[in-house]
Amino acid sequence: MKRQVLTIFLFFTLVTLYGQDPDFAMDYQQNSNLINPAYLAKNDFISINILYNRHWIYPGAPSHGTIWMSGKFTQHMGAGVQISTKTMGIFHKTLFGGTYSFDITLNRKTYTHLSFGVSGALFQDFYNTGQMHSIFSDPFLSQANLNRYYPQVAAGIMLYSDLYELGFSAMRLLPYSGYFFSTEPVIEPPVFILHGLYYIKDPLDRYRFAPDFILSFSENRYYIRVDLTSFNRPKTMKYGGGISGDYILAYKTVRFNLSSYIGFRISERLFIIYQFDFHSINRPVPLLTKIGNSIAIRIDFYSHKYDIPEFF
């Protein structure tokens, strides 16, 4: 019976697809749940994460924010709720979704687990024409439908232990109707993400490093990022940085970005993580390089002392 239930769940996981937006998923250093719903199964406590990201420091820069709340209600099952919003000039995107996770223990001695996560979300795309000022009539503004709703569903899988993480997720595989550049729906291609992490420590545990990577690919864009994070001995602070690059097929453009971040454990329950980015540093004019930043505040609630994460 257990094998039949597991087989059905695996099948459902593989044919159901992740409903989050790739723009929100790139904040994974502040909230790992954003790149894979299977991450939810790793923590045995209730967690609230509030995140704000501003793409540039210039006025009118695109920005987005996320509120995430998750927790386990049994030994193997957990659930989460996500609310996200994004602003690009007069364009606004809002996401409201839920996540379910299931965790299987493969080896208790090595703490090796296999986790699955499924997610569903409802998106709203909205053009605020009140922010537009024009002395001429625009046929675009006469469109009756400048406010659209559409659903997404999702899934992820992850193998993890105390030493490593390896996961895969898929995003945006349902027909995606966003933006209003024409009267016809704009169908964005699906996005797949492969990610991994490995902890390195010395025998006395005086330090610990965590190199990680994320590979995102779709029909029109490839993105890869590699980071190295260092944790201090009392495990109250982490700091690190990484380099990323993406290739946009439609424009045959390669862009490189640099990121640095620092996090503090203020108390057993409170964490703060800040990230600073240099976007497209290969531009011929250095002044056109965009500088972005984001900050996340995380609050955890533990039932037992052993639930407190060693690293964050």
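Before any of the text, the structure's been laid out above.
Thresholds, definitions, all that
Residues numbered from 1 in each chain as written. Predicted model: local features only at pLDDT ≥ 70, side-chain atom pairs only at ≥ 80, totals over all residues. Heavy atoms only, no water. Phe/Tyr/Trp six-rings, centres within 6.5 Å; stacked < 30°, edge-to-face > 60°. Helix = DSSP H or I, 4+ residues; strand = E, 2+ residues; numbered from the N terminus. Lys NZ or Arg CZ within 6 Å of the ring centre and 35° of its normal. Buried < 20%, exposed > 50% of the residue type's maximum accessible area, 1.4 Å probe, protein only. Pairing = 2+ DSSP bridges.

**Some remarks on the packing of aromatic side chains**
For any pair of aromatic rings, the description rests on two quantities: the centre-to-centre distance and the angle between the ring planes.
Right, so step 1: This structure, assessed with the given rule, holds eight aromatic pairs.
Right, so step 2: Taken together, a centroid distance of 6.2 Å and an interplanar angle of 15° make the contact between phenylalanine 168 and phenylalanine 192 stacked. In this pair, phenylalanine 168 is assigned in strand 7 (residues 164–171) and phenylalanine 192 in strand 10 (residues 191–198), connecting sequence segments 24 residues apart.
Right, so step 3: Relative to phenylalanine 278, the ring of phenylalanine 276 lies with its centre 5.2 Å away and its plane at 85°, an arrangement referred to as edge-to-face.
Right, so step 4: Following the ring pairs from residue to residue traces out a cluster consisting of Phe168, Phe192 and Phe217.
Right, so step 5: The cationic tip of arginine 298 hangs over the ring face of phenylalanine 271; the distance from NZ or CZ to the ring centre is 4.4 Å.

**Looking at the pairing of strand 2 (residues 63–72)**
Right, so step 1: Across the ten residues of strand 2, seven count as buried, placing the element largely inside the fold.
Right, so step 2: As paired strands, strand 1 (residues 46–54) and strand 2 are joined by eight bridges and run antiparallel to one another. Across the sheet, residue arginine 54 finds its bridge partner in strand 2, namely serine 63.
Right, so step 3: When strand 2 meets strand 3 (residues 77–88), the two strands line up antiparallel, connected through ten bridges. Across the sheet, glycine 71 pairs through a bridge with alanine 79, a residue of strand 3.

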